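Residue strings, one per chain:
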2 protein chains.
Amino acid sequence: MAVTIKDVAKLANVAPSTVSRVIANNPRISEKTKRRVREAMEELGYHVNYNARSLANRSTQTLGIVMPSSADKVFQNPFFPEVLRGISTKAHENEFTLYMSTGSKEEEILDAVKGMVHGRRVDGIVLLYSRIDDSIMKFLKDEEFPFTVIGKPFKYPDEVTHVDNDNFRAAKDVTEHLISRGHERIAFVGGKLDLVVTVDRLSGYEKALREANLKYRDDYIVHVEFLKEGGHEAVMELCSLEEPPTALVVADDLMALGIMSKLDEIELSVPDDISIISFNNVMLAEYASPPLTSVDINIFQLGYQAVNCLLEKIEDAEASNKRVCVPHKLVERWSVKTL
Amino acid sequence: MAVTIKDVAKLANVAPSTVSRVIANNPRISEKTKRRVREAMEELGYHVNYNARSLANRSTQTLGIVMPSSADKVFQNPFFPEVLRGISTKAHENEFTLYMSTGSKEEEILDAVKGMVHGRRVDGIVLLYSRIDDSIMKFLKDEEFPFTVIGKPFKYPDEVTHVDNDNFRAAKDVTEHLISRGHERIAFVGGKLDLVVTVDRLSGYEKALREANLKYRDDYIVHVEFLKEGGHEAVMELCSLEEPPTALVVADDLMALGIMSKLDEIELSVPDDISIISFNNVMLAEYASPPLTSVDINIFQLGYQAVNCLLEKIEDAEASNKRVCVPHKLVERWSVKTL
DNA sequence: AATAGTTATGGAATCGTTTACAATAAGAAA
DNA sequence: TTTCTTATTGTAAACGATTCCATAACTATT
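Just so it is clear, the structure is predicted and the values come from calculations on it, not from any experiment. (Residues numbered from 1 in each chain as written. Chains lettered and ligands numbered in written order. Predicted model: local features only at pLDDT ≥ 70, side-chain atom pairs only at ≥ 80, totals over all residues. Heavy atoms only, no water.)

### So, the relation of the copies chain A and chain B
- Of the two same-sequence chains, chain A is brought onto chain B (RMSD 0.1 Å, axial shift 0.0 Å) by a rotation of 180 degrees. The transformation relating the two chain copies, once decomposed into turn and shift, fits a two-fold axis. The rotation axis passes nearest to the C-alpha of A:Tyr99 in chain A, at a distance of 2.2 Å.
- Looking at the interface residues of chain A, 100% of them are also at the interface in chain B, so both copies use one shared face. (Least-squares fit on C-alpha atoms with pLDDT ≥ 70 in both. Contact = heavy atoms within 4.5 Å.)

Structure follows, in structure tokens:
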């Protein structure tokens, strides 16, 4: 059986409560007894039992992470390891630990999340994505459980704390960049339309077009379920249009890679025949051929700040809801040509 | 305050112990009372408190996941989301949940792991990597805590349960494949030498060479710290050799991408000037240009089986140590040319 | 009819902490 | 010397389950 606070108490000749206070480094315990107790802990090899502590404490010092359903292709995006790195860093700094949802279908994940919150497994939750109509977000909101989302909540942006990029702006910037390089026929390739990030980027693109008095054409808008077969067809269609686009705004680096691979197949060259700008600036963007011009959205910060906000909410449940905007930056490489 | 088992007991007019039994669906409780208790739970909106349960139970139904230090570039490999998917799937099937290590330096991670095991936060641990001299593995082994590793433990392969590919064999296969395609000058590009997987693949490569009576040349062996600047230099050196290789065995898809990007820069074409075979068959391999011939190591299965083994160990601490070998398969695409 | 054996449930201890409150001793003030 | 503080430590009740050990009410057996 593991060594408990009582064993330590006995050896150090104090009450269990005293030992507990020593652990918490309570200033009301004299240095002398602290020393004695610490020696006893050392000698017996004592370690707190977090379950017991959490029970007594009503706090777990752990954060729940909810990923998109692992069945989803999106899950394979290097975005996740990187955002996790940010989350993990901040959590570690504040001595919080991480708990992960499992489950592959949305239904399953919702159950897992319910388990986390009702079962008192976590003090707060980070949602790693934002979909247009998400049952999990709804649940968390209804329960008034502390949570933050990475990305912009579609329904109640003011009522839920979130950290996001200015995706509208970023897409607008990017499109304008293309326009300034002489492009007029610019197409947009986005991911699933139920992801808020997709709609934001789409509207930024649209706005830029409008402001430049360029035609917004429906046949220039394509939605690809991440880099999948469907995407390839979409690219084909785009290229076989009477007036094919000279440039593409692509909502994700990986999608851009997929597209480039298809383009390569049909012997169109980037950027000579067609220019591409994509989003996220995942490490891979640099190693594509040609290296991709991409919007760096600072994924690490997204994770880091999300935890930061979450901790504030946990600390003070009454804290008002915040919106943190992580800056983006266009990093130019070789996938864009000036016409 | 949350509703507890006692509240339910009161409402249903039974003892708390009875409620507990109903939760566990103990057959010794009559259907009638079960129904009554369940109604009460429903009415009050009861949910178990896992902390309390774990405390009483001495089991957490959760598994710890230890990733490589997030400071490490390796972390960004899509390998991890995919292996996590496997882990998560099997864990979910058996109603286990997941707990993640935080920390970026090895030291920090070790502390986190100590917290997990001493603090009774998890019932077992999966190590997502295998390094040649790993303090964490040593700790787990010394503590006789249930754990499995993905990859082959370098030091005590028979004493620790692990799931791995036959990397030696896979590398040998791949090298022979190249040889059978007429290549004689084949170089090896591996990752950090302290990863066991690197040394295994290197020896497979070497063996194939020996058996084919081809010269094993030191200047054909290059170690790249993942896809980083250093890697680029290494490629340059390789290509500026008097007798440059005609084919490359590359230990990781991402590394291969990095290499191809460099090759592209110096205007060498794959596969016309140089052939490449890599490992892992991450989704991206398919979207490289040209699409990469790569060894599919079945990452999902690695994760799935690792959890499978771990659960067995948790179930029965005396269970003997197993070694599960996940089969690999060469998937041929367009990065290899027949000479 | 008395005894043994089931079946369904309750009582109470236990898991390992935390923490409100009580108690004590020592020192300061009167 | 007595009383009041103050500093330090102890007592015991939570926290919310699980589970061993009764026990009561039946049924089956002799």
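### Thoughts on the pairing of strand S10 (residues 293–296) of chain A
- As paired strands, strand S9 (residues 275–280) of chain A and S10(A) are joined by four bridges and run parallel to one another. Along S10(A), the bridge assignment pairs A:Ser278 with A:Ser294. (Pairing = 2+ DSSP bridges. Helix = DSSP H or I, 4+ residues; strand = E, 2+ residues; numbered from the N terminus.)

### Digging into helix H11 (residues 253–265) of chain A
All names here are of chain A.
- Its 13 residues place the ends of H11 18 Å apart at the C-alpha level, agreeing with the 18 Å of an ideal helix rising 1.5 Å per residue.
- For H11, every residue scored as buried is listed here: Asp253, Leu254, Met255, Ala256, Leu257, Gly258, Ile259, Met260, Ser261, Lys262 and Leu263.
- Put simply, Asp252 is the residue that caps the front of H11, since its side-chain oxygen is 2.7 Å from the backbone nitrogen of Leu254.
- Trailing H11 by a residue or two, Glu267 shows a phi angle of about 60 degrees, which is positive. (Expected span 1.5 Å × (residues − 1). Buried < 20%, exposed > 50% of the residue type's maximum accessible area, 1.4 Å probe, protein only. Polar contact = N/O pair within 3.5 Å; in protein donor to acceptor, adjacent residues only side chain to side chain.)

### A closer look at the sheet that holds strand S1 (residues 62–66) of chain A
- Overall, mixed pairing links the 12 strands, which are arranged S11(A)-S5(A)-S4(A)-S3(A)-S1(A)-S2(A)-S2(B)-S1(B)-S3(B)-S4(B)-S5(B)-S11(B) in an open sheet. Edge positions in the sheet fall to strand S11 (323–326) of chain A together with strand S11 (323–326) of chain B, since each has one partner strand and no second. Strand after strand, the sheet turns through a mean of 25 degrees between neighbouring axes, direction not considered.
- Note: strand S5 (residues 162–165) of chain B against S11(B), four bridges, orientation parallel. Paired with B:Asn165 across the bridge in S11(B) is B:Val326.
- Lying over the sheet, helix H5 (residues 79–93) of chain B contacts strand S2 (97–100) of chain A together with strand S1 (62–66), strand S2 (97–100), strand S3 (124–127) and strand S4 (147–150) of chain B, oriented at roughly 140 degrees with respect to S2(B). (Axes fitted to C-alpha atoms, helices over the stretch in contact; angles between N-to-C directions.)

### Remarks on the pairing of strand S6 (residues 186–190) of chain A
All names here are of chain A.
- For S6, a buried count of five out of five residues is recorded, marking the element as mostly surrounded by other parts of the structure.
- Bridge count for S6 against strand S8 (residues 247–250) is four bridges, and the pairing is parallel. The residue bridging Ala187 from the neighbouring strand is Leu248, located in S8.
- Two strands pair when backbone bridges link them, and S6 and strand S7 (residues 221–223) are joined in this way by three bridges, in the parallel orientation. Bridge pairing in S7 links Phe188 to Ile221.

### Some words on the packing of aromatic side chains
- Summed over the entire model, instances satisfying the criterion amount to 11 aromatic pairs over all chains.
- With a centroid separation of 6.2 Å and an interplanar angle of 75 degrees, the aromatic rings of A:Tyr99 and B:Tyr99 are classed as edge-to-face. Of this pair, A:Tyr99 sits in strand S2 while B:Tyr99 sits in strand S2, each in a different chain. The burial state of A:Tyr99 is the same as that of B:Tyr99; both residues are buried.
- Judged by centre distance (6.3 Å) and plane angle (55 degrees), the ring pair of B:Tyr205 and B:Tyr216 falls under tilted. Of this pair, B:Tyr205 sits in helix H9 (residues 196–211) while B:Tyr216 sits in the loop between H9 and strand S7 (221–223), and the two are 11 residues apart along the sequence.
- The ring of B:Tyr50 has A:Arg121 sitting right over it, with the charged end atom 3.8 Å from the ring centre. (Phe/Tyr/Trp six-rings, centres within 6.5 Å; stacked < 30°, edge-to-face > 60°. Lys NZ or Arg CZ within 6 Å of the ring centre and 35° of its normal.)

### Quick word on the protein's contact with DNA strand C
- Close to DNA strand C lie 27 residues; A:Ile5, A:Ser20, B:Ala15, B:Thr18 and B:Arg21 are nearest.
- Within 4 Å of the protein, the atoms of DNA strand C are drawn from sugar and phosphate moieties in a proportion of 63%.
- Between DNA strand C and the protein, one listed contact pairs a base oxygen with a side-chain N or O atom of B:Arg21 at 2.7 Å.
- For DNA strand C, a phosphate oxygen lies 2.8 Å from a polar atom in the side chain of B:Thr33.
- Taken together, the elements giving at least two residues each to the surface near DNA strand C come down to helix H1 (5–12), helix H2 (16–23) and helix H4 (50–57) of chain A together with helix H2 (16–23) and helix H4 (50–57) of chain B.
- With four residues, the top contributor of residues to the surface near DNA strand C is H4(A). (Near = heavy atom within 4 Å.)

### Remarks on the packing of helix H1 (residues 5–12) of chain B against H2(B)
All names here are of chain B.
- In the contact formed by H1 and H2, the axes pass within 8 Å of each other and the chain directions differ by 105 degrees. Comparing the axis directions of H1 and H2 gives the class roughly perpendicular. Along the contact surface, H1 presents Ile5, Lys6, Val8 and Ala9, while H2 presents Pro16, Val19, Ser20 and Ile23.
- Partitioning the contact of H1 with H2 into residue classes produces six nonpolar, one polar and one charged. (Parallel < 35°, antiparallel > 145°, perpendicular 65-115°, else oblique. Nonpolar A, V, L, I, M, F, W, Y, C, P; charged D, E, K, R; others polar.)

### What to know about the protein's contact with DNA strand D
- Not every one of the 27 residues close to DNA strand D is listed here, only the nearest: A:Thr18, A:Arg21, A:Arg28, B:Ser20 and B:Tyr46.
- The contact in question runs from a phosphate oxygen of DNA strand D to an N or O atom on the backbone of A:Ala15, over 2.7 Å.
- In the model, a phosphate oxygen of DNA strand D is placed 2.5 Å from a nitrogen or oxygen of the B:Ser20 side chain.
- Looking at the surface near DNA strand D, the elements that each hand over two or more residues are H2 and H4 of chain A together with H2 and H4 of chain B.
- With five residues, H4(B) is the largest single contributor of residues to the surface near DNA strand D.

### Concerning the domain arrangement of chain A
Residue and element names in this part refer to chain A.
- Examined at the domain level, chain A breaks down into domain 1 (5–48), domain 2 (62–165 + 300–327) and domain 3 (167–297).
- Computed over C-alpha atoms only, the centres of domain 2 and domain 3 are separated by 28 Å.
- Each side of the interface is counted separately: domain 2 has 17 residues, and domain 3 has 17 residues.
- For the pair domain 2 and domain 3, the two sides together bury roughly 1,400 Å², of which 60% comes from carbon and sulfur.
- On the domain 2 side of the contact with domain 3, Lys73, Asn77 and Asn165 bury the most area, a combined 33% of that side's loss.
- Across the domain 2-domain 3 interface, the total number found is two salt bridges.
- A salt bridge links Lys152 to Asp200; the nearest nitrogen and oxygen atoms lie 3.4 Å apart.
- Inspection of the domain 2/domain 3 interface yields seven residue pairs in polar contact (both at pLDDT 80 or more). (Domains from an automatic or database assignment. Buried area = accessible area lost by both parts, 1.4 Å probe. Salt bridge = Lys/Arg side-chain N within 4 Å of Asp/Glu carboxyl O.)

### Details of the interface of chain A and chain B
- Counting residues at the interface gives 53 residues for chain A and 53 residues for chain B.
- In total, about 5,200 Å² of surface goes out of reach between chain A and chain B, with carbon and sulfur atoms giving 61% of it.
- Where chain A meets chain B, there are zero salt bridges.
- Summed over the shared surface of chain A and chain B, the result is 14 residue pairs in polar contact (both at pLDDT 80 or more).
- Where the side of chain A that touches chain B is concerned, the elements lending two or more residues are H4, helix H5 (79–93), S2, helix H6 (106–118) and H11 of chain A.
- Looking at the side of chain A that touches chain B, the element that brings in the most residues is H5(A), giving six residues.
- Tallied by class, the residues present in the side of chain A that touches chain B amount to 22 nonpolar, 21 polar and 10 charged.

### Here's the deal with the packing of H2(A) against helix H3 (residues 31–44) of chain A
Residue and element names in this part refer to chain A.
- Following both chains from N to C, one finds H2 and H3 inclined at 90 degrees, their axes separated by 10 Å at the closest point. One element, H2, and the other, H3, form an angle in the roughly perpendicular class. In this structure, H2 contributes Val19, Val22 and Ile23 to the contact, and H3 contributes Lys34, Val37, Arg38 and Met41.
- Of the residues in the contact of H2 with H3, the class split is five nonpolar, no polar and two charged.

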